[in-house]
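The lines below spell out each chain.
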Amino acid sequence: MIGVGLLGSGFIAESYADALLDVRNAELVACTSRNPARSEAFARKWKVRALPSMDAVCADPAVDIVIIALPNEIHLEAVEIAARHGKAIICTKPLARTEAEAQQILDVANKAGIWHGYAESSVFSPNVAKAYEIVKAGGIGDLLTMRAREGHSGPHAPHFWDAETAGGGALLDMGCHTVESARHFFGKDNKVTEVMAWGSTMAHKDKTTGEDAAIALLKFEGGQLATIESSWIERGGMQLRHELVGSAGRIVTDSSVGPVWGFIENPVGYTVEKADAETGWVYPVPEETRAYGFSQQMRHFIDHFAAGTVPSETFEDGVIVNRIIDACYRSMKTGQWEKVA
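Just so it is clear, the model here is predicted, and its values are computed rather than measured.

Reading the values: the criteria
- Residues numbered from 1 in each chain as written.
- Predicted model: local features only at pLDDT ≥ 70, side-chain atom pairs only at ≥ 80, totals over all residues.
- Heavy atoms only, no water.
- Helix = DSSP H or I, 4+ residues; strand = E, 2+ residues; numbered from the N terminus.
- Rg over C-alpha atoms; globule rule 2.2 N^0.38 Å.
- Buried < 20%, exposed > 50% of the residue type's maximum accessible area, 1.4 Å probe, protein only.
- Contact = heavy atoms within 4.5 Å.
- Areas by Shrake-Rupley, 256 points an atom, 1.4 Å probe, with all protein chains shown as cover.
- Polar contact = N/O pair within 3.5 Å; in protein donor to acceptor, adjacent residues only side chain to side chain.
- Pairing = 2+ DSSP bridges.
- 1 Å grid on protein atoms, 1.4 Å probe; cavity = no way out; pocket = protein on both sides within 12 Å on 5 of 7 lines; lining within 4 Å.
- Points joined across faces, edges and corners; volume = space filled by probe spheres on them.
- Nonpolar A, V, L, I, M, F, W, Y, C, P; charged D, E, K, R; others polar.
- Right-handed = clockwise from strand over helix to strand, strands pointing away.
- Patch = residues over 30% accessible without salt bridge, like charges linked within 9 Å, V, L, I, M, F, W, Y side chains within 5 Å.
- Salt bridge = Lys/Arg side-chain N within 4 Å of Asp/Glu carboxyl O.

Asks: What am I meant to see in the overall build of the protein chain here?
Replies: For the protein chain, the count of helices and strands is 11 helices and 15 strands. Here the C-alpha radius of gyration of the protein chain, 19 Å, is about what a compact globule of 341 residues would show, namely 20 Å. Taken along the three principal axes of its C-alpha coordinates, the protein chain extends 55 × 50 × 45 Å. For the protein chain, the residues scored as buried account for 55% of the 341 residues in total. Expressed as a percentage of contacts within the protein chain between residues at least 6 apart in sequence, the contacts between residues at least 24 apart total 70%. Surface accessibility of the protein chain: about 14,600 Å² in total, with carbon and sulfur atoms responsible for 54%.

Asks: Explain the side chain of D317 here, please?
Replies: Mapped onto the elements, D317 comes out in helix α11 (residues 315–334). A relative accessible area of 7% places D317 in the buried class. Side chain to side chain, D317 and R183 meet in a polar contact 3.0 Å long. Setting aside its immediate chain neighbours within four residues, D317 contacts Y118, E180, R183, K188 and S312.

Asks: Explanation requested: the pairing of strand β6 (residues 116–119) in the structure shown.
Replies: Regular strands show a simple pattern: their side chains alternate between the two faces of the sheet. By the alternation rule, side chains of β6 split into H116 and Y118 and G117 and A119, which are all buried. For strand β5 (residues 88–92) and β6, the ladder comprises 4 bridges, and the chain directions are parallel. What sits directly across from C91, in β6, is Y118.

Asks: Just to check I follow, could you spell out empty space enclosed by the protein for this structure?
Replies: Any space left empty among the atoms is revealed by the rolling of a water-sized probe across them. What the rule picks out here adds up to 1 cavity of 30 Å³ or more. Here the largest cavity is characterised by a volume of approximately 60 Å³. Lining the largest cavity we find P71, N72, H159, F160, A166, G168, G169, L172, D173 and W232. A class-by-class count of the residues in the lining of the largest cavity yields 5 nonpolar, 4 polar and 1 charged.

Asks: Sorry if this is basic, but what is going on with the environment of V252 here?
Replies: Checked against the element boundaries, V252 lands in strand β12 (residues 249–254). A residue is classified by how much of its surface remains accessible, and V252, at 36% relative accessible area, is partly exposed. V252 has contacts with R241, H242 and E243, leaving out every residue within four places of it along the chain.

Asks: Could you clarify how one ought to interpret the pairing of strand β2 (residues 26–32) in this entry?
Replies: The element β2 is extensively covered by neighbouring structure, given that 6 of its 7 residues are classed as buried. Remark: the strand β1 (residues 2–7)/helix α1 (residues 11–20)/β2 crossover connection has right-handed handedness. Direction of pairing for β2 relative to strand β3 (residues 49–50): parallel, over a ladder of 2 bridges. Counterpart to C31 in the pairing with β3 is A50. Of the crossover connections in this fold, the one passing from β2 over helix α2 (residues 36–46) to the parallel β3 is right-handed.

Asks: Any chance you could explain the environment of T208 here in plain terms?
Replies: As for its placement among the helices and strands, T208 is situated in the loop between β8 (192–200) and β9 (213–220). A relative accessible area of 6% means that T208 is categorised as buried. In the structure, T208 is positioned 192 residues away from Y16 in sequence and 27 Å away in space, judged by C-alpha atoms. Setting aside residues up to four positions removed in sequence, T208 forms contacts with W161, A163 and T201. Looking at T208, its side chain comes within polar contact range of the main-chain oxygen of W161, at 2.7 Å.

Asks: Before we go on, may I ask you to explain a nonpolar patch on the surface in this structure?
Replies: Together, W198, M202, I215 and I233 make up an exposed nonpolar region whose accessible area comes to about 360 Å². Summarising the element assignment, M202 is placed in the loop between β8 and β9. For M202, a relative accessible area of 49% corresponds to the partly exposed category.

Spelled out as structure tokens, the structure:
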């Protein structure tokens with residue numbers, strides 16, 4: 001059994017803990033949080049040991065692999081600690097705030113010679129995985145364009161709103177998913193060469209200086225085009241959609257549309273992430289952890305770690321995603337197409 005240590009106790013940490021229940025050869029054994037009270041509560045809920053620090057979790061001999069589920073600005077420090085103890089690492093998205101910082105993270109991992117995985121859940125969600133199978137089998141001919149959008153009404157934790165500390169706004173937070181989706185579908189050896197992006201703080205000027213709405217166009221070396229939309233201004237729950245157009249057809253996926261919806265007058269508790277309202281029309285997503293690809297992602301990572309093989313998403317991918325997003329931010333400032341270095 002592979003022992004897992006979890007750094008963090010927020011929403012994404014909860015998702016990862018739940019996802020690990022679906023992994024037959026891994027067990028969550030320890031956790032920590034910057035907030036001791038939350039760490040203890042998390043440990044009680046998931047029946048694991050709460051340890052006092054990141055160092056304590058990474059030093060624990062029962063921990064084989066560390067999952068980083070922390071705010072962006074702590075990723076580098078957490079990777080340095082895990083690497084010092086020789087632990088394998090899974091890091092949540094985005095890998096870092098900038099390409100330069102992401103490269104530091106990759107360099108630390110490579111120098112330590114440790115296994116690493118970049119936790120990009122979008123490409124593991126079941127409907128996206130099925131669409132990928134169809135595309136790769138030639139079902140829609142040559143893939144030409146992709147439009148992807150992720151939207152909700154805004155982050156659930158205060159640290160997301162601090163753009164200076166977090167490294168960006170909606171584009172970094174949500175666009176990292178869809179940028180990697182585009183690379184996944186068009187091929188990772190098919191480089192993004194140029195980007196054009198727009199972003200603005202449209203609805204949350206009282207909370208952030210970062211963009212709460214953004215759109216980016218990604219040109220690929222092979223001539224394909226991806227349109228990436230990221231939003232923190234859409235009320236009513238999550239939007240997770242891909243539209244793939246090929247020379248012989250098209251495919252649409254929507255991870256946020258499930259088989260259950262209804263109109264309710266009495267609150268029933270949690271229905272879906274970022275629901276915004278407890279009554280009226282509700283669109284619950286059953287088994288969110290699995291619908292969004294967290295379980296499939298963790299199984300993939302643990303299986304590859306156990307086999308000593310390279311997973312499909314690594315820190316190298318995280319560096320490239322940050323590189324593309326950096327170019328998008330440059331484009332937002334210049335209003336011009338920007339080369340991806």
